[in-house]
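# Structural features, examined
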Amino acid sequence: MSEMEHPPYGALLILEGRDAGKVVPIKRLPFQIGRLMENSLVIADEQVSRNHARIEEGKNGLVLEDLNSRNGVFVDGRKIQRHSLLVGDRVRLGSTVLIFHTDIQVAKDVLADSIPDSPALAMEEEEVTSVEFTPAPPEEASGVEPFEQGLKGASQAFTQASRLFSSVLSPGRCASQLLDIFFQTIAPERAQILWKAEREISLARSRDQGLKCEPFRLPECVETLGEKEPLHLRTSVSVPYGSGSEERFIVACPLITENGTQGWLYGDRPLSNPFSEYAFLDCRTLAAISAGVLQRAAVFAENKRLQNQVLLMEKHLSPEVVRMLSNQGLKIDESALKVEKREVSILFSDIQDFTPLSERLDPESLANLLNEYFQRMVDEITIHKGMPNKFIGDAIMALFGAPETHGDDAVNAVNAGMGMLEALKGFWEEIDEQKRFHIRVGINTGVVVAGNIGSEKKMEYTVLGDEVNVASRLEGISPPDTLTIGARTAELVKDHFELKEVPGVQVKGKSTKINVYEVLGPKKIV
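Okay, so let's go over this structure. These figures come from a predicted structure and were not determined experimentally. All residue numbers here refer to positions counted from 1 along the written sequence of the relevant chain. Two thresholds apply to this predicted model, a pLDDT of at least 70 for residue-level local features and 80 or more for giving and counting side-chain atom pairs, whereas whole-chain, interface and lining totals are computed over all residues. As a convention, hydrogens and water are excluded, and side-chain values are obtained from all of the structure's heavy atoms.

Numbering goes from the N terminus for both helices and strands, where a helix is a DSSP run of H or I of at least four residues and a strand is a run of E of at least two. Within the protein, the regular secondary structure consists of 13 helices and 24 strands. Partly exposed describes any residue whose relative accessible area lies between the buried limit of under 20% and the exposed limit of over 50%, with all areas from a 1.4 Å probe on protein chains only and scaled to the type maximum. In the protein, which comprises 526 residues, the share counted as buried stands at 47%. Of all intrachain contacts in the protein linking residues separated by at least 6 positions in sequence, the fraction that spans at least 24 positions is 58%. For accessible areas, the Shrake-Rupley method is used with a probe of radius 1.4 Å. Any residue's cover is judged against the shown protein chains and nothing else. Put simply, the protein shows about 26400 Å² of open surface, and 50% of that area lies on carbon and sulfur atoms. Here a residue-residue contact requires only that any non-hydrogen atoms of the pair lie within 4.5 Å.

Set out below in structure tokens:
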């Protein structure tokens, strides 16, 4: 392969600086960085020298060198003159921050987490998948290497692999990085990593096919003899590019976690090129690191999935519902929020004369005012174990006793209603007089149908029934800055609050008059 056709040695992603959001492949060595146009990477940064730094090939990988720059080169916060690059190194040149990766796709993934709108994410897929793996130099591919050189190379490999413990990459991307490190360090002709925990991951590399190598069938002895112990032996393996089998030397180390063997790190070579004992020991160490990295990545990915689901639910449900779903495994289905009949206290509140208020204020001021008001009202509802269920224009609907009951749901509802009236008075003191308004609050208690109701694509936890309608009517007839409750609610809270009966009230939707009650305040203890 000619110099012009050499596959990229790695990539630099620009995390901070004028060109933040770009992934720059390292296509040729030496790779020079600076302000001058003849540099491989031109950085338009006044704090960067004309020829600031250079990346070149070293004995054990790429080396970054400071070219006597004015402001220096810093790697992970430490000023360097010459430094062997490792996966994830954070390089600062002036006000520009670069991250080094050996895999362009991984660099893009890291960039996607850091800068979601990066233009680098629009790169053509062929630009990534066409990258071939760089074969190790001849001295590294031999079965026996000098002890000191092997020890230094292995140490760097272990450092690279261990860095993945602090990454935010997916298990698949971690596996790809680990396989590359294994492939470079142990130098097999073929390599494969297999991870069976939850979602199976199977990736392969070969000297001829590089990243395009398809996973292959591992020798039978790997899953039988290699369940718990690493293998270093001669055995029959499938022919790399055809049918049948042939004798090869293999190394295979199990990826063991607290849940047992979750996969293998495997490599093989022709009989003419056996593995050294040093290579076998390095394989064992890399397998131990890989198992820990992949287990952590799987846990991190699952936690991220759950966090995203919780954040999504919190946009539509109260913390009460989110907590209940969390305790049941975050499953929004009929088993978690089944439709059932239950006694619930329903609270309605709205702003009196909202239309004149909206005419006095411009839309932005009105929206800000409502947001601040709603926040105070919701705080009172949740403090008293209620669930804000709906915002209907300027109105609020809240539930007490659904989806969970606390035994004193009616009392909680009345406490919340009284708290909302008090919170409104405090809100008045913080806003201009022209923005002040009055609210009405109504509460009714009764048996309703409660549950997750809607279509397959859109479900909503709510309550249905005549008692819900009555609660809305009680709010409508309530005097300004007053809490009005129904007869069943009054029966449940009469020992806790002073009530004033208002008999024979006609409410819309009811053929007969009903008795309602105005809540005057907490009952005085004698």
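For the rest of this paragraph, the subject is the pattern of salt bridges. What counts as a salt bridge is simple: a side-chain nitrogen of Lys or Arg found within 4 Å of a carboxyl oxygen of Asp or Glu. On inspection of all chains with the given rule, the structure shows 19 salt bridges. Linking Arg440 and Asp350 is a salt bridge whose minimum nitrogen-to-oxygen distance equals 3.4 Å. Of this pair, Arg440 sits in strand 20 (residues 439-454) while Asp350 sits in strand 17 (residues 340-351); the two residues are 90 residues apart in sequence, bridging distant segments of the chain. Of the residues examined, Arg440 reaches a relative accessible area of 16% and is grouped as buried. Note that Glu491 and Arg488 form a salt bridge whose closest N and O atoms lie 3.4 Å from each other. Taken together, the residues Glu491 and Arg488, both in helix 13 (residues 487-493) and 3 residues apart, mark about one turn of the helix.

For the rest of this paragraph, the subject is the packing of aromatic side chains. Side-chain rings of Phe, Tyr and Trp, where Trp is taken by its six-membered ring, are said to pair if the distance between their centres is within 6.5 Å; with planes under 30 degrees apart they count as stacked, over 60 as edge-to-face, and otherwise as tilted. A complete count under the given rule lists 5 aromatic pairs for this structure. Measuring from ring centre to ring centre gives 5.4 Å for Tyr373 and Phe374, while their planes differ by 40°; the resulting arrangement is tilted. The pair Tyr373 / Phe374 is uniform in exposure class, with both members buried. Of the aromatic side chains, those joined through ring pairs into one cluster are Tyr373, Phe374, Phe391, Phe427 and Phe437.

So, about the sheet that holds strand 7 (residues 73-75). Here 6 strands make up an open sheet; going across it, the order is 2-1-11-10-7-8 and the pairing antiparallel. Here the strands that pair on one side only, and so sit at the sheet edges, are strand 2 (23-25) and strand 8 (78-80). When strand polarity is set aside, the average angle formed by the axes of neighbouring strands in this sheet is 30°. A strand pair is defined by DSSP finding two or more bridges across the two strands. Judged from the 3 bridges that link them, strand 7 and strand 10 (residues 90-93) form a sheet pairing that is antiparallel. Within the sheet, the bridge partner assigned to Val73 lies in strand 10 and is Leu93. In this analysis an axis means a line fitted to C-alpha atoms, helices contributing only their contacting stretch, and an angle means the value between N-to-C directions, from 0 to 180 degrees.

The buried count for strand 17 comes to 9 of 12 residues, which makes it a mostly enclosed element. Bridging between strand 17 and strand 19 (residues 395-400) involves 5 bridges; their strand directions are antiparallel. Pairing of Phe348 across the sheet is with Met397, part of strand 19.

This part covers unusual backbone geometry. The omega angle of the peptide bond from Leu29 to Pro30 is -5°, so this bond is cis rather than trans. Within the secondary structure, Pro30 sits in the loop between strand 2 and strand 3 (31-34). A cis amide bond links Ala402 with the next residue in sequence, Pro403, at an omega value of 5°. Along the polypeptide, Pro403 turns up in the loop between strand 19 and helix 11 (409-428). Within the chain, Asp76 stands out as a residue other than glycine whose phi angle is a positive 50°. Structurally, Asp76 can be placed in the loop between strand 7 and strand 8. The residue Lys385 is not glycine, and still its phi comes out positive at about 65°. Assignment of secondary structure puts Lys385 in the loop between helix 10 (363-383) and strand 18 (387-392). Accessibility expressed as a relative area gives 42% for Lys385, which makes it partly exposed.

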